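Residue-level structural notes
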Amino acid sequence: MISMSLAEIADAVGGRVSPGDEAVLVEGDAFLDSRFPSVHGLFVAFAGERVDGHDYARAAVDGGASAVLGSRPVGAPAVVVDDVQDAIGRLARHVLSRVRDLTVIGLTGSQGKTSTKDMLAVILGDAAETVAPTESLNNEIGVPLTALRVTEQTRYLVVEMGARGLGHIGYLAGIVRPSVGLVLNVGVAHLGEFGNQEGIAAAKGELVESLPRDGLAVLNADDERVLAMAARTDALVMTFGSREAADVLLSDVRLGPGGHPNLRLTWRGASTDLTLRYIGEHQATNAAAAAATALGVGLGFDEVMASLRTAMPLSKWRMDVATSPDGVVVINDAYNANPDSMRAGVKALVDVAGLRGGARTFAVLGEMLELGDASGAEHMALGRLVAGLGITVLVTVGAGARPIHDSALLEGSWGGTAWSAGDPAEALARLRGELRRGDVVLVKASRAAGLEGLAAALLAGQERMTRTDHDR
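The text that follows walks through the structure, step by step, so that each part is easy to find. (Residues numbered from 1 in each chain as written. Predicted model: local features only at pLDDT ≥ 70, side-chain atom pairs only at ≥ 80, totals over all residues. Heavy atoms only, no water.)

**Some remarks on the pattern of salt bridges**
Under the counting rule described, the total for this entry stands at 17 salt bridges. Ionic pairing is found between Arg-35 and Asp-33, a salt bridge with its closest N-O pair at 2.7 Å. In this structure, the salt-bridge partner of Arg-72 is Asp-52, at a minimum N-O distance of 3.0 Å. Residue Arg-72 is found in the loop between strand S6 (67-70) and strand S7 (78-80), and its partner Asp-52 is found in the loop between strand S5 (42-44) and helix H2 (57-62); the two are separated by 20 residues along the sequence. Classification of Arg-72 as partly exposed rests on a relative accessible area of 34%. Within this structure, Asp-52, Asp-55 and Arg-72 form a network of salt bridges that share partners. (Salt bridge = Lys/Arg side-chain N within 4 Å of Asp/Glu carboxyl O. Helix = DSSP H or I, 4+ residues; strand = E, 2+ residues; numbered from the N terminus. Buried < 20%, exposed > 50% of the residue type's maximum accessible area, 1.4 Å probe, protein only.)

What follows is the structure, encoded as structure tokens:
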């Protein structure tokens, strides 16, 4: 974060400073977790329903933070405001206004945001100082926290934007004021909040509507709802995808050893073949999106392709592939799930196993949340897909995932096996008795299912699940 005194912060957010602390300097990052303080940073204290951050403010300062941003005095240097969420957004907007030559890139989509964000972070980071979210910090709190990490030397800020309703992305765009907007796709994630895909498209399109006339909208040419967003902006439009008319053309996608996609990208007559270090065929489209965005902000074709070849996943629990001491291959994609990403995940499971000589496949799947009235149909469709792909064993975890199990068993041509476990511990116990060397396991669900602990236990070869941050 740019160095600021508490007096300067208070002026920017409309707050008040503890008497005598006006000159205290904040030079580190803003943060929420007092267990992991940023040295000379700013602890942001929210009063939640179950946990009140103000109770941990003193510990954060004792751990190295310079001060606190909160809604009441905490017995430590602090800026006190009426609304902490509003204040953190105002502070981020103020800090960004002080950075010269900064390009802010907002990205949104129903799936692929985090992988694309990670690719962009590598490509842009190879060219100049770049700030991007360390995880899926894509809401009213996470976006400002990411923005506050910029320094005077930062040239690119990549901001992942999620939405739970109309107006959310517009609000986030108002904080960071992007000049580049990347829209990946319009799927069915959060269908419960929006009602239909048209509502989702309306929300995602708020990003391109926020762009200045001299900005850049990067749109998926293969998604009609995304491509239609070109009419919602006066900014320059650049497209990516497999359609011949796409500015950045994706072609010749095929899987290589280990499930890594091979692909060809073409732009303005230049073309190259490359292999990604990511897993799954769907990552090819994410790579095309990242490449188009980087090319659109002025990077050269050769340098973009060179960076893509070396780009590795930066965020945890997203198609992380590793092998346990027992020789079991575990694909940990347990961070989150929606129908589109679930389909991509189980297809990647089959692809990885096929490239390993037809190994047995285990799909360990939990519930997909926030689907509203479409929840039953989407879970049943996933079960039919599992059966159609010939997955060896399906393990559903939790009552909400039971329709996946039931619909798979209704597919008479499927020769696989299905279990329904009440919780992750029960699923782990059964898997321990069934898995053998060479098997490939996909673990995936919405975050609330907590399946990342199950994946960690499989990889560690332990008899019980390990404690994770999700369990705390």
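**Some points on helix H16 (residues 424-434)**
Owing to its 3.6 residues per turn, the α-helix aligns residues three or four sequence positions apart on the same side. Those residues of H16 not exposed but buried are Pro-424, Ala-427, Leu-428 and Leu-431. The arc that holds every buried residue of H16, seen down its axis, measures 100 degrees, which confines them to one face. Among the exposed residues of H16, those pointing more than 90 degrees away from its buried face are Ala-429 and Gly-433. On its buried face, H16 is in contact with strand S19 (361-366), strand S20 (393-397), strand S21 (417-421) and helix H17 (452-460). Measuring from the side-chain oxygen of the N-cap residue of H16 to the backbone nitrogen of Ala-425 gives 3.2 Å; that N-cap residue is Asp-423. (Arc of directions from axis to C-beta. Contact = heavy atoms within 4.5 Å. Polar contact = N/O pair within 3.5 Å; in protein donor to acceptor, adjacent residues only side chain to side chain.)

**Focus: the nonpolar core**
Soluble, globular proteins show a tendency: their nonpolar side chains are buried together. By size, the foremost hydrophobic cluster in this structure holds 55 residues, and its most contacted members are Ile-9, Val-79, Leu-91, Leu-148, Leu-157, Met-161 and Val-176. A per-element tally of this core places helix H3 (residues 84-97) first, with 7 residues. Residues contacting Leu-91, with those up to four places away along its chain left out, are Met-1, Met-4, Ile-9, Ala-12, Val-13, Leu-42 and Leu-148. (Core = buried A, V, L, I, M, F, W, Y, C linked by side-chain atoms within 4.5 Å.)

**Focus on the sheet that holds strand S18 (residues 329-332)**
The 6 strands are arranged S17-S18-S22-S19-S20-S21 in an open sheet whose pairing can be described as mixed. Edge strands, defined here as strands with exactly one partner in the open sheet, are strand S17 (320-323) and S21. The sheet shows a mean angle of 15 degrees between the axes of neighbouring strands, direction not considered. Inspection of the sheet shows S17 paired to S18 by 4 bridges, in the antiparallel sense. By the bridge assignment for S18, Ala-322 is matched with Val-330. (Pairing = 2+ DSSP bridges. Axes fitted to C-alpha atoms, helices over the stretch in contact; angles between N-to-C directions.)

**What to know about the pairing of strand S16 (residues 270-275)**
Pairing of strand S15 (residues 261-267) with S16, which is carried by 6 bridges, proceeds in the antiparallel orientation. Bridging across to S16, Arg-264 finds its partner in Asp-273. Once S15 ends, the chain turns through 2 residues before running back antiparallel as S16, passing Arg-268 with a positive phi of about 50 degrees.

**Quick word on the sheet that holds strand S2 (residues 16-17)**
Spatially, S2-S7-S6-S5-S4 is the arrangement adopted by the 5 strands of the open sheet, whose pairing is mixed. Edge strands, defined here as strands with exactly one partner in the open sheet, are S2 and strand S4 (30-31). Against the sheet, helix H1 (residues 6-13) touches S2, S6 and S7, its axis set at about 15 degrees to S7.

**Looking at unusual backbone geometry**
Both trends apply: most residues other than glycine have a negative phi, and most peptide bonds are in trans. Located in the positive-phi region is His-40, a residue other than glycine, with phi close to 60 degrees. Mapped onto the elements, His-40 comes out in the loop between S4 and S5. The backbone phi angle of Glu-370 is positive, close to 65 degrees, even though this residue is not glycine. Within the secondary structure, Glu-370 is located in the loop between S19 and helix H14 (375-388).

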